[in-house]
Amino acid sequence: MPFREVNAKMIEATVMPGQRLFSQRGAMLAYQGEVSFTPNMQGGQGGVMSMLGRRVANESTTLMTVEGSGTVLFGHGGHHIQVISLSGDTLYVEADRLLAFDGTLEQGTMFMGSQGGVMGMVRGQVTGQGLFTTTLKGHGSVAVMAHGGVIEVPITPQRPVHVDPQAYVAHHGDVRNKLSTALGWRDMVGRGSGEAFQLELSGSGAVFVQASEEKL
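Residues numbered from 1 in each chain as written. Predicted model: local features only at pLDDT ≥ 70, side-chain atom pairs only at ≥ 80, totals over all residues. Heavy atoms only, no water.

Draft legend 1. Representation of the overall build of the protein chain in the model. What the protein chain contains, in helices and strands, is two helices and 13 strands. Out of the 216 residues in the protein chain, the part that is buried amounts to 49%. Within the protein chain, residue pairs in contact and separated by at least 24 positions form 80% of the contacts whose partners lie at least 6 positions apart. Just so you have it, the protein chain exposes about 10100 Å², and 51% of that area is on carbon and sulfur atoms. (Helix = DSSP H or I, 4+ residues; strand = E, 2+ residues; numbered from the N terminus. Buried < 20%, exposed > 50% of the residue type's maximum accessible area, 1.4 Å probe, protein only. Contact = heavy atoms within 4.5 Å. Areas by Shrake-Rupley, 256 points an atom, 1.4 Å probe, with all protein chains shown as cover.)

Draft legend 2. Examining the environment of Ala206 more closely. Inspection of the secondary structure puts Ala206 in strand E13 (residues 197-210). Here Ala206 falls in the buried class, since its relative accessible area comes to 4%. Ala206 sits 34 residues away from His172 along the chain, and the two C-alpha atoms are 5.7 Å apart. When sequence neighbours within four positions are dropped, the list of residues in contact with Ala206 reads Glu152, Val153, Pro154, Ile155, Ala170, His171 and His172.

Draft legend 3. Highlighting the pattern of salt bridges. All told, the structure shown has one salt bridge when counted by the stated rule. Ionic pairing is found between Glu12 and Arg4, a salt bridge with its closest N-O pair at 3.2 Å. The class for Arg4 is partly exposed, based on a relative accessible area of 45%. (Salt bridge = Lys/Arg side-chain N within 4 Å of Asp/Glu carboxyl O.)

Draft legend 4. The arrangement of the pairing of E13 in detail. Where strand E10 (residues 150-155) meets E13, six bridges bridge the pair, whose relative direction is antiparallel. Residue pairing across strands places Glu152 opposite Phe208, the latter belonging to E13. Relative to E13, strand E11 (residues 161-163) runs antiparallel, the two being bridged by three bridges. Across the sheet, Val163 pairs through a bridge with Leu199, a residue of E13. (Pairing = 2+ DSSP bridges.)

Draft legend 5. Seen up close, the environment of Glu94. Tracing the backbone shows Glu94 in the loop between strand E6 (80-93) and strand E7 (98-102). A C-alpha to C-alpha distance of 9.8 Å links Glu94 and His171, two positions 77 residues apart in sequence.

Draft legend 6. Broad picture of the environment of Lys137. Position of Lys137 relative to the elements: it lies in strand E9 (residues 132-146). Residue Lys137 is classed as partly exposed on the basis of its relative accessible area of 45%. Distance from Lys137 to Tyr92, taken between C-alpha atoms, is 8.9 Å for residues 45 residues apart in sequence. If sequence neighbours within four positions are ignored, Lys137 has contacts with Gly88, Asp89, Thr90, Leu105 and Glu106.

Draft legend 7. Layout of the confidence of the model for the protein chain. Averaged over every residue, the pLDDT of the protein chain is 79; residues scoring 70 or more account for 70%. Note on residues 44-59: pLDDT is under 50 here. Beyond four places in sequence and across chains, it has 36 contacts. A low-confidence stretch, residues 113-130 (pLDDT under 50), is modelled with 44 contacts involving residues beyond four sequence positions or located in other chains. (pLDDT = per-residue confidence, 0-100.)

Structure, rendered in structure tokens:
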């Protein structure tokens, strides 16, 4: 179910009988037709395990199941919106940055520390970002939110990308993540931005970076 970008901060989705999509609560701006919005605490196709992961990650935000026949305008907080199309691959995205996504996509949760080791765990303690990242897999569209716009930066085996953890929005491809420190431990006291930490993404794929470190 493709999303049409109305402008930088609003998208339109076409809802058809027999299909559904999920959106963040409070994201609906307007709609036309016979469309229903129902709270869904299971978190889409991921079911109970996905919901459990979100609760552990303190990301138990209720998703809305959107069904019926018509069109819906989505936006949230005046944030910039980026539409990402998936063709069988997996998108890794911070849960609070999800605006809406196709109901055909399978949702899961990945513990960022599983790739970043101990430093991956430090990410949640010092930078304020979550330890868990939501995964969306399959064929469909995903709309994510960001501050100040989004740029897609290619990741190649020869050129890994270093991102401020608070500027990170999402990534896809065969990519490994590792959090490293740019300063000594004593210098990091009181610092929570990329001045002290860098999220290194290596492999083949792309990362979406927002133009601001401000949290959603």
